[in-house]
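Residues per chain, in single letters:
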Protein chains: 2
Amino acid sequence: MNYKKEIEKWGMQEITCKGVSNGNPFTERQIRGCFQGAQETVRVDGFYDGDGVYKVRFMPSFEGTYTFRIEGNYGDKGAASEEALTGTFTVTPPSDDNHGPVRVANTYHFAYEDGKPYYSIGTTCYVWDLQSDERITETLKTLKKSAFNKIRFCIFPKHYDYNLGEPRSYPYEGTPMDSSVLTKDNFQEYTGKTEGNHFDLTRFNPAHFRHIEWCVEQLQALGIEADLIVMHPYDRWGFSCMTREQDHLYWKYVLARFAAYRNIWWSLANEYDIFEHKTIEDWEGYAKLICEHDPYHHLRSIHNCIAFYDHSRPWVTHCSIQRQDIYKTAELVNEWRERYRKPVVLDEIAYEGNIQHGWGNISGEEMVRRFWEAVCRGGYPGHGETYMSDDDVLWWSHGGTLHGESHKRFHLLYQIMEETPGIGLAPYDRCGWDEVCAVPESEKWSAIKSYYLYYYSFMRPSFRDFHFDDETSFEVRVIDTWNMTVEDRGVYKGKFRIELPGRPYMAVQIRKVK
Amino acid sequence: MNYKKEIEKWGMQEITCKGVSNGNPFTERQIRGCFQGAQETVRVDGFYDGDGVYKVRFMPSFEGTYTFRIEGNYGDKGAASEEALTGTFTVTPPSDDNHGPVRVANTYHFAYEDGKPYYSIGTTCYVWDLQSDERITETLKTLKKSAFNKIRFCIFPKHYDYNLGEPRSYPYEGTPMDSSVLTKDNFQEYTGKTEGNHFDLTRFNPAHFRHIEWCVEQLQALGIEADLIVMHPYDRWGFSCMTREQDHLYWKYVLARFAAYRNIWWSLANEYDIFEHKTIEDWEGYAKLICEHDPYHHLRSIHNCIAFYDHSRPWVTHCSIQRQDIYKTAELVNEWRERYRKPVVLDEIAYEGNIQHGWGNISGEEMVRRFWEAVCRGGYPGHGETYMSDDDVLWWSHGGTLHGESHKRFHLLYQIMEETPGIGLAPYDRCGWDEVCAVPESEKWSAIKSYYLYYYSFMRPSFRDFHFDDETSFEVRVIDTWNMTVEDRGVYKGKFRIELPGRPYMAVQIRKVK
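Let me sum up the structure you'll find in this document. (Residues numbered from 1 in each chain as written. Chains lettered and ligands numbered in written order. Predicted model: local features only at pLDDT ≥ 70, side-chain atom pairs only at ≥ 80, totals over all residues. Heavy atoms only, no water.)

### Description of the pairing of strand β12 (residues 150-154) of chain A
Residues and elements named next belong to chain A. Note the following rule: Think of it in three bands: with a 1.4 Å probe and only protein chains considered, a residue is buried below 20% of the maximum accessible area for its type, exposed above 50%, and partly exposed in between. For the purposes of this entry, the term helix denotes a DSSP run of H or I that reaches at least four residues, the term strand denotes a run of E that reaches at least two, and both are numbered from the N terminus. The pairing criterion for strands is at least two bridges between them, as found by DSSP.
Burial analysis of β12 places five of its five residues in the buried class, the great majority of the element. Burial along β12 is two-sided: the face carrying Lys150, Arg152 and Cys154 and the face carrying Ile151 and Phe153 are both buried. Here three bridges tie strand β11 (residues 122-124) to β12, and the two strands are oriented parallel to one another. Looking across to β12, one finds that glycine 122 is bridged to lysine 150. As judged from the five bridges shared by β12 and strand β15 (residues 225-231), these two strands associate in the parallel manner. Bridge pairing in β15 links arginine 152 to aspartate 227.

Now the structure itself:
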């Protein structure tokens with residue numbers, strides 16, 4: 001048995017035990033742990049990591065001394081004589097950059113478990129984790145410079161336009177179909193086909209998962225949440241059409257491996273509604289498994305293609321939305337907030353780029369506009385990039401480098417989001433018909449507010465008149481969200497006019513003078 | 001009596017008679033005419049034009065010899081002995097530029113009475129007609145160079161932001177309130193107020209109407225339809241809150257004066273829904289008057305601020321729509337076509353400019369985008385321009401010169417509209433989810449179509465694949481609607497790919513080779 005004597009709060013303890021490797025350890029053997037500190041007792045499932053190695057992972061939510069007890073039939077004495085291993089370790093205070101897992105806060109928003117608000121600026125790189133070492137290094141470098149603090153990506157490889165290649169590894173033992181027959185014109189015929197694949201869907205490939213865990217750790221070090229897409233339909237290997245029993249084996253394995261990483265979010269599926277063979281009962285079944293096997297209650301959602309999943313289901317912690325309308329998308333955040341009373345995360349609002357598909361060819365301007373619209377309506381927008389490239393490497397799927405214009409503007413947006421008093425912005429219902437205005441969620445029902453963030457979208461007013469009350473002094477900043485300038489305009493009281501440049505994409509931030 | 005011995009078809013005959021000027025000729029005297037040709041007998045009302053002059057106007061719809069008979073109590077013998085005047089004149093074929101009045105054609109479209117399709121490219125200059133001679137000359141010069149073939153404007157002066165000045169004349173005898181008290185900040189308090197005005201609402205000012213008629217004639221010479229807004233609520237003179245009797249006197253006077261101009265359209269109101277004192281019964285009453293007193297059946301509609309009028313009313317010939325949503329506007333043409341089964345004219349889709357009001361500060365790009373969206377969905381968009389100006393002269397209200405970018409792009413759009421086979425474009429329901437496509441209205445239900453006009457709006461595809469059938473040869477043109485280039489891309493058959501530049505605002509025109 002091997003483990004760390006000391007870890008930090010929300011860090012990961014990993015107990016490594018030697019056990020048997022004969023038969024099929026994935027289906028025939030179990031290992032479990034029970035972790036006990038002064039303020040919590042947590043039971044977790046472990047997993048077989050290959051080569052006779054079994055692991056149990058645990059994330060402590062409190063500081064102090066923990067004891068643990070490992071059980072299971074993984075040893076060479078088998079089920080008849082389960083042997084229990086025990087140990088003790090110390091949980092120290094978290095390091096400066098460790099704020100714990102992200103939780104829902106203030107109904108519509110997020111905060112780390114230590115209370116620090118989490119303002120999500122997401123991106124999507126579906127299978128960046130399954131690319132070459134060089135590309136992964138490049139992606140991490142890009143992410144480091146970016147404002148992104150959430151990334152959506154898959155455990156399973158992706159089969160789709162611009163995604164005809166093989167992944168670096170497979171989640172199961174076996175061999176794939178011959179992909180040399182694939183072309184840009186015929187790949188759709190192979191979607192969801194199992195013929196030609198020879199995978200043993202009862203035997204995982206631990207190296208595949210270990211590598212994704214390494215990726216999750218790299219993201220953690222960058223302060224980025226890993227929005228893990230556990231299932232998706234863009235598949236030619238058969239992973240999207242396994243039996244329910246196979247699915248459940250997979251889910252339990254994923255839960256046992258990933259749950260103890262503090263920066264994990266569970267995305268049950270990308271585009272759940274285009275799986276040919278899955279029913280709502282299936283999805284509810286996976287959700288039940290998560291609730292049972294993730295003792296840390298990581299965030300959970302499920303992403304649509306066309307029809308929304310019922311985000312009012314109690315296990316859904318936040319909406320993970322793909323736009324339903326080409327023209328209006330971020331503009332509907334208010335409606336979705338009211339309907340679901342949960343955080344609204346717009347995980348796909350079209351991607352910046354110029355590919356042939358309409359979901360992947362909006363301009364940088366339009367992407368940034370959608371971001372600000374979403375934020376000023378109290379939602380959380382997501383980015384992606386799909387520029388044509390000679391090597392068919394597109395950020396949206398492969399990662400690599402960014403070629404667009406929108407990502408450069410998110411640092412400023414994030415900085416403004418962070419200036420929100422309290423946690424999160426709410427749409428201000430009493431603003432003009434031709435503007436969007438956010439106020440602090442915590443002041444939504446207050447008569448007097450300390451903060452207003454106005455956004456004018458594609459409209460180009462040359463000035464705006466304001467009048468909140470006659471007593472309060474407000475400092476005003478004019479923000480060009482596209483050209484990334486922030487101008488201090490001084491302090492005002494009573495009725496006042498702010499001159500604007502008559503350009504699109506302007507915002508005005510109005511803060512009570514302290 | 002004075003009249004022309006020869007006029008052209010759809011030209012205007014005007015019978016001028018001397019009569020009494022004592023008392024109040026506007027309310028006490030009538031003059032009527034009956035015009036008879038081989039194919040029509042038309043009874044019309046005449047009107048008092050001041051200084052003892054009475055006029056009866058008539059627009060013939062057929063060629064040949066017409067006789068007429070003028071009656072009424074306008075003469076000095078009074079009602080007891082109405083004297084009838086008669087005469088004869090010849091109606092010649094129309095001149096080359098005279099295609100007759102515009103009619104609804106093909107359910108959703110328009111054509112001149114001679115059958116030539118009329119593709120409306122409208123603009124709005126609410127009170128261009130009530131400006132100085134110099135400005136009117138400038139406006140006409142601007143219109144001459146433009147692609148506009150319809151203009152909306154008012155008979156009554158306009159009181160509103162940027163419209164605090166006095167008109168060149170008033171429709172009634174009398175004097176207005178002292179407007180020196182008005183400022184940009186207080187003008188709204190005076191809207192709809194009658195105090196301080198001293199107008200005799202039973203005595204018209206014929207010079208005011210003669211001047212507007214001159215404007216209508218100038219428009220006619222330029223091939224521009226005069227979409228005459230007969231009532232509107234932006235008023236400080238009391239014209240928007242007259243009694244029903246006064247309103248009816250006004251309507252009959254307007255109908256008698258303007259109906260014989262072939263390029264007149266009746267817009268009952270701008271923003272009918274914000275008149276404080278008018279009910280649907282009032283509007284239906286005016287509509288009834290038009291139907292009774294306009295024997296030429298000019299186009300009739302009524303324009304909303306927020307709530308649409310019920311465009312399904314039988315007297316409404318076409319929808320005259322102001323957008324109801326800031327973001328989606330032209331995109332809703334399909335829906336409105338289906339709901340009303342009438343031509344959809346978008347008379348206000350926001351104006352290009354940079355004023356403080358959200359209805360007047362979109363970019364040229366967005367205006368042109370809305371135009372193409374509307375056209376490719378089988379509708380007719382309208383323009384307006386509201387750029388800040390030191391002299392507060394804004395095209396939208398005063399005319400003058402254009403400062404924007406969108407108007408330059410309408411010649412190309414109009415040229416493309418004119419290339420439509422048959423009359424009018426219909427939305428093609430079987431196009432992709434991320435594109436707009438128009439086909440000829442006349443081919444909407446045909447299995448094989450001869451013409452497709454695709455539009456990609458703000459999306460930026462780098463190519464598109466097409467496949468209509470394997471037999472037809474199509475010639476393809478790629479149109480950059482913003483940069484105004486049209487590229488011939490050759491002839492294609494079967495399945496084919498068209499490369500696009502990955503820029504926004506592109507269109508592809510696909511025509512069967514003849």
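Once you've had a look at it, read on.
### Focus: the relation of the copies chain A and chain B
Two copies of one chain are present, and they are related through a rotation about an axis combined with an axial shift. For clarity, the cut-off: The copies were overlaid with a least-squares fit restricted to C-alpha atoms from residues scoring a pLDDT of at least 70 in each copy. Pairs of residues are marked as contacts when any of their non-hydrogen atoms sit within 4.5 Å.
Of the two same-sequence chains, chain A is brought onto chain B (RMSD 0.0 Å, axial shift 0.0 Å) by a rotation of 180°. Here the two chains are linked by the operation of a two-fold rotation axis. Here 100% of the contact residues of chain A are again contact residues in chain B; the copies associate through an equivalent surface.

### Quick look at unusual backbone geometry
Most peptide bonds adopt trans geometry, and most residues besides glycine take a negative phi value. One non-glycine residue, tyrosine 505 of chain A, lies in the positive phi region at around 70°. Relative to the helices and strands, tyrosine 505 of chain A is located in the loop between β29 (495-499) and β30 (506-512). Located in the positive-phi region is methionine 484 of chain B, a residue other than glycine, with phi close to 60°. By secondary structure assignment, the location of methionine 484 of chain B is in the loop between β27 (473-480) and β28 (485-493).

### A word on the packing of aromatic side chains
Convention followed: Any pair of Phe, Tyr and Trp rings, taking the six-membered ring for Trp, is counted once the centres come within 6.5 Å. Such a pair is stacked with planes under 30 degrees apart, edge-to-face with planes over 60 apart, and tilted for the rest. Two limits define a charge over a ring: the Lys NZ or Arg CZ must be within 6 Å of the ring centre, and within 35 degrees of the ring normal.
Following the criterion strictly, the structure yields 120 aromatic pairs over all chains and no others. Measuring from centroid to centroid gives 5.1 Å for phenylalanine 199 of chain A and phenylalanine 239 of chain A, while their planes differ by 55°, and the two rings are tilted. A residue pair is termed long-range when its members are at least 10 positions apart, and phenylalanine 199 of chain A in strand β14 (residues 198-204) and phenylalanine 239 of chain A in the loop between β15 and α4 (244-258) qualify at 40 residues. Here the two residues phenylalanine 199 of chain A and phenylalanine 239 of chain A agree in accessibility, since each one is buried. Between tyrosine 160 of chain B and tyrosine 234 of chain B, the aromatic rings sit 4.8 Å apart at their centres with planes inclined by 70°, giving edge-to-face as the arrangement. In this pair, tyrosine 160 of chain B is assigned in the loop between β12 (150-154) and β13 (172-175) and tyrosine 234 of chain B in the loop between β15 (225-231) and α4 (244-258), connecting sequence segments 74 residues apart. The same class applies to tyrosine 160 of chain B as to tyrosine 234 of chain B, namely buried. Just above the ring of tyrosine 126 of chain B sits the side chain of lysine 158 of chain B; from NZ or CZ to the centre is 4.0 Å. Across the ring face of tyrosine 162 of chain B, the terminal group of lysine 184 of chain B is positioned such that the distance to the ring centre comes to 3.6 Å.

### Details of empty space enclosed by the protein
Condition: Computed over the protein atoms alone on a 1 Å grid, cavities are sets of points where a 1.4 Å probe fits but cannot get out and pockets are open sets with protein on both sides within 12 Å along at least five of seven lines; a residue lines them when it has an atom within 4 Å of a point. Grid points are joined across faces, edges and corners, and a volume is the space filled by probe spheres set on the points. Only Asp, Glu, Lys and Arg are considered charged, only Ala, Val, Leu, Ile, Met, Phe, Trp, Tyr, Cys and Pro nonpolar, and every remaining residue, Gly among them, polar.
For the structure shown, the criterion picks out four cavities of 30 Å³ or more. Empty space within the largest cavity amounts to approximately 70 Å³. For the lining of the largest cavity, the secondary-structure elements that each account for two or more residues are β4 (41-45) and α4 of chain A. In terms of residue count, α4 of chain A provides more of the lining of the largest cavity than any other element does, three residues in total. Class assignment of the residues belonging to the lining of the largest cavity gives a composition of seven nonpolar, one polar and three charged. Of the volumes computed, that of the second largest cavity is approximately 50 Å³. Lining the second largest cavity are Val44, Asp45, Arg57, Leu255, Ala256, Ala259, Ala260, His293, Pro295 and Tyr296 of chain B. For the lining of the second largest cavity, the secondary-structure elements that each account for two or more residues are β4 (41-45) and α4 of chain B. Taken together, the residues of the lining of the second largest cavity sort by class into seven nonpolar, one polar and two charged.

### Some words on the interface of chain A and chain B
In plain terms, the rule: The buried area of a pairing is the accessible area, by a 1.4 Å probe, that goes missing from both parts when the two are put together, added over both. Salt bridges are defined by distance alone: a side-chain nitrogen of Lys or Arg within 4 Å of a carboxyl oxygen of Asp or Glu. Polar contact is defined as a pair of N or O atoms within 3.5 Å, subject to the rule that within protein one atom must be able to donate a hydrogen and the other to accept it, and that residues adjacent in sequence are counted only when both atoms are side-chain atoms.
Taken together, the contacts link 37 residues of chain A with 37 residues of chain B. Buried surface at the junction of chain A and chain B, summed over both partners, amounts to about 2900 Å²; 58% is from carbon and sulfur atoms. By the criterion of area lost to chain B, the three top residues of chain A are Tyr327, Phe458 and Arg460 of chain A, representing 26% of everything that side buries. Along the contact surface separating chain A from chain B lie two salt bridges. In this structure, the salt-bridge partner of lysine 328 of chain A is aspartate 325 of chain B, at a minimum N-O distance of 2.4 Å. Where chain A touches chain B, the interface holds 20 residue pairs in polar contact (both at pLDDT 80 or more). If you list the elements that add at least two residues to the side of chain A that touches chain B, you get β20 (352-353), α7 (364-375) and β26 (463-467) of chain A. When residues of the side of chain A that touches chain B are assigned to their parent elements, the largest contribution, four residues, is made by α7 of chain A. Taken together, the residues of the side of chain A that touches chain B sort by class into 14 nonpolar, eleven polar and twelve charged.

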